[in-house]
Amino acid sequence: MKKKRVGIIGAGPSGLAQLRAFEAAKNEGLEVPEVVCFEKQSNWGGMWNYSWRTGVGKYGEPTHGSMYKYLWSNGPKECLEFSDYSFDEHFKKPISSYPPRPVLFDYIQGRIKKNNVRDYISFDTTVRWVNYNEETKKFEVVLDNLKIDKTYSEEFDYLVVASGHFSTPNMPYFKGIEQFPGQVMHAHDFRGADPYKDQDLLIIGSSYSAEDIGVQCYKHGAKSVTLSYRSNPIGVNWPDGITEVPLLKYFEGDTAYFKDGTSRRFDAVVMCTGYQHKFPFLPDELRLKTKNNLYPDHLYKGVFFNDLPNLIYLGMQDQYYTFNMFDAQAWVARDFIMNQYQLPKKAERRIDIDKWLDANEKLETSFDHVDFQTAYIKDLLALSDYPDFNVDQVAVMFKEWLKDKDENILTYRDKTFQSVVTGTKAETHHTEWMDELDDSKERYLYQEECEDGVSEA
Ligand code: FAD
Ligand code: NA7
């Protein structure tokens, strides 16, 4: 019998989790389907594969990357650790709880380099369009091999969409912005704090990007940072030099006027106003339409498109849990594809989705959000043989992290946590985060004992 074919769109952490899930089954001696992953960039890692480019890439495709220089993990690494590949196994020594981007990128790659996962990925290949054929029950995927400028198509029995959702900017308009004399950009195009040294910076938004870009620019020498919120302020104890104000109403020249009647002049504006779930390669009836939230509608177990469950979406949720959530999802998807996990009927699936949507509606605090996603992860873990980990303890760490940020947004990254995978307590990093201006892997991992016993990098 002909092997089933599985197409995966994207080789970021979610797509790689799917590849790894199949490899794990293969290593157990099971017969796995034929799997092909398409990645429009020249390397894997998705967001973690930093790109200096903005706008379009070398082949004229929209640049996927939204990450920037000097980006350090914004949550404890112990909350995202793969349960089948620990930080200890990768780094061979304890490291701190908040590593910089290149170190996490290295970790992601370590697990898949152990297998021949790269062989399954067609790089520099963008998915242009998908048709579903009701008669053959197959997905026809139209692709562009960007390197040789060739369009072709392939057929699949299952399609896994792992193309991420923090790449297409949500960019609001504010009256007068077209006359603002300084730089206006979205966080998607932010590549590091250097241009904002000695500048007065306005940031719109009050979520992760606003917080992190604001604090980074403060750390790297911005003269002042003003954060303007629409619904709720971030509300942590800000240091002198960072202020939160209500929403921007309009600009007059370089001066911004806010809802509370205050005004101030700025050199530059960064819109940290979130991203759109965008799937330009999917027709209407297959496209997930959602805002960024913890339980997008239409996905059974947060994964299976209810109208057509052979269409699988990974990582589409707003995220407390990341790498380990993608794994838990990918393992369940794999078991469905390999007939080891049966889905209930569509109406039953709908009831389950509604149950989660109702619960999501009722959430109020950040702690509620953590508990909700924790319950979701547990639900997934019960469905596959992805190695169990102490999810309740991870939830405790997330809550500690939230409290740490509230207490001191500049020092929370100096805290350490204990792995639920190995029990290892993280090291204190050799340099306090506020004094550490170098985010390279070499600098991070290098440590030398000085004569006086104080470690120095
Ligand atoms: P992505 O990483 O976005 O990967 C999607 C992949 O799909 C990309 O490689 C892309 O090129 C490819 N692709 C897209 N469209 C196509 C197409 N048409 N054809 C072929 N390939 C395609 N998470 C954390 O855990 N900790 C952090 O500190 C953290 N910081 C973040 C900071 C920023 C600025 C952003 C934007 C996100 C951050 N995240 C963080 C969340 C991050 O999104 C996840 O960690 C993770 O990268 C999501 O993985 P993914 O594979 O779902 O999506
Ligand atoms: P998020 O978490 O989706 O947050 C988007 C923010 O943008 C949020 O504060 C919104 O305010 C705000 N927003 C959206 N539209 C507007 C308008 N029109 N005006 C003002 N403010 C607006 O995106 P992030 O980029 O912060 O985080 C995404 C990922 O990147 C995350 O996983 C991180 O790890 C990095 P609201 O509260 O809705 O009023």
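It should be noted that the structure appears before, not after, this text.
Here, residues in each chain are numbered from 1, in the same order as that chain's written sequence. As they are written, the chains are lettered A onward and the ligands numbered 1 onward, keeping that order. Predicted model: local features are reported for residues with pLDDT of at least 70 only, side-chain atom pairs are reported and counted for 80 or more only, and whole-chain, interface and lining totals are derived from all residues. As a convention, hydrogens and water are excluded, and side-chain values are obtained from all of the structure's heavy atoms.

Novice: Please explain unusual backbone geometry as it appears in this structure.
Specialist: Glycine aside, negative phi is the norm for most residues, and most peptide bonds take the trans geometry. Positive phi values are uncommon outside glycine, yet Y70 reaches one of about 60 degrees. Backbone geometry at K137 places phi at a positive 60 degrees, although glycine is not the residue there. Relative accessible area serves as the criterion here: at 47%, K137 is assigned to the partly exposed category. The buried label goes to any residue with under 20% of its type's maximum accessible area, the exposed label to any with over 50%, and the partly exposed label to all in between, with areas taken from a 1.4 Å probe on protein chains only.

Novice: Please explain the side chain of E436 as it appears in this structure.
Specialist: Numbering of helices and strands starts at the N terminus; helices are DSSP runs of H or I of at least 4 residues and strands are runs of E of at least 2. With respect to the helices and strands, the residue E436 is situated in the loop between α8 (391–407) and α9 (441–445). For E436, the side chain forms a polar contact with the side chain of H429, separated by 3.3 Å. Reaching out from E436, the side chain makes a polar contact with the side chain of R443 at a distance of 3.0 Å. By the convention used here, residues are in contact when the closest approach between their heavy atoms is within 4.5 Å. The contacts of E436, once residues within four sequence positions are left out, are W72, K219, H429, H430, T431 and R443. We call two N or O atoms a polar contact when they sit within 3.5 Å, provided that within protein one can donate a hydrogen and the other can accept it, with sequence-adjacent residues counted only if both atoms are side-chain atoms.

Novice: Could you clarify how one ought to interpret the site of ligand 2 in this entry?
Specialist: Note on terminology: near, applied to a residue and a molecule or strand, indicates that one of the residue's heavy atoms is within 4 Å of it. Around ligand 2, a shell composed of 19 residues is seen, among which S206, S207, S209, R230 and S231 lie nearest. With respect to ligand 2, the side chain of N74 contributes an N or O atom lying 3.1 Å from an oxygen atom. Measuring from an oxygen atom of ligand 2, one finds a side-chain N or O atom of R230 at 2.9 Å. Taken together, the residues of the shell around ligand 2 sort by class into eight nonpolar, ten polar and one charged. When residue character is reported, Ala, Val, Leu, Ile, Met, Phe, Trp, Tyr, Cys and Pro are called nonpolar, Asp, Glu, Lys and Arg charged, and the others, Gly included, polar.

Novice: Can you walk me through the side chain of T273 in this structure?
Specialist: Among the secondary structure elements, T273 is positioned in the loop between β16 (268–271) and β17 (275–276). Engagement of the side chain of T273 in a polar contact is seen with the backbone oxygen of N170, the distance being 2.7 Å. In this structure, T273 is in contact with N170, M171, P172, H186 and I204, ignoring residues within four places of it in sequence.

Novice: Mind showing me how you'd approach the site of ligand 1 here?
Specialist: In the neighbourhood of ligand 1, 32 residues make up the surrounding shell, with S14, E39, M47, H64 and T322 lying closest. Between W48 and ligand 1, the recorded distance is 3.1 Å, taken from a side-chain N or O atom to an oxygen atom. Here ligand 1, which alone exposes 980 Å², has 93% of that area covered by the protein. At the level of secondary structure, the elements contributing two or more residues to the shell around ligand 1 comprise α1 (13–27), β4 (125–133) and α5 (323–337). With three residues, the single largest contributor to the shell around ligand 1 is β4. Surface accessibility in these figures is a Shrake-Rupley result with a 1.4 Å probe; residues are shielded only by whichever protein chains are displayed.

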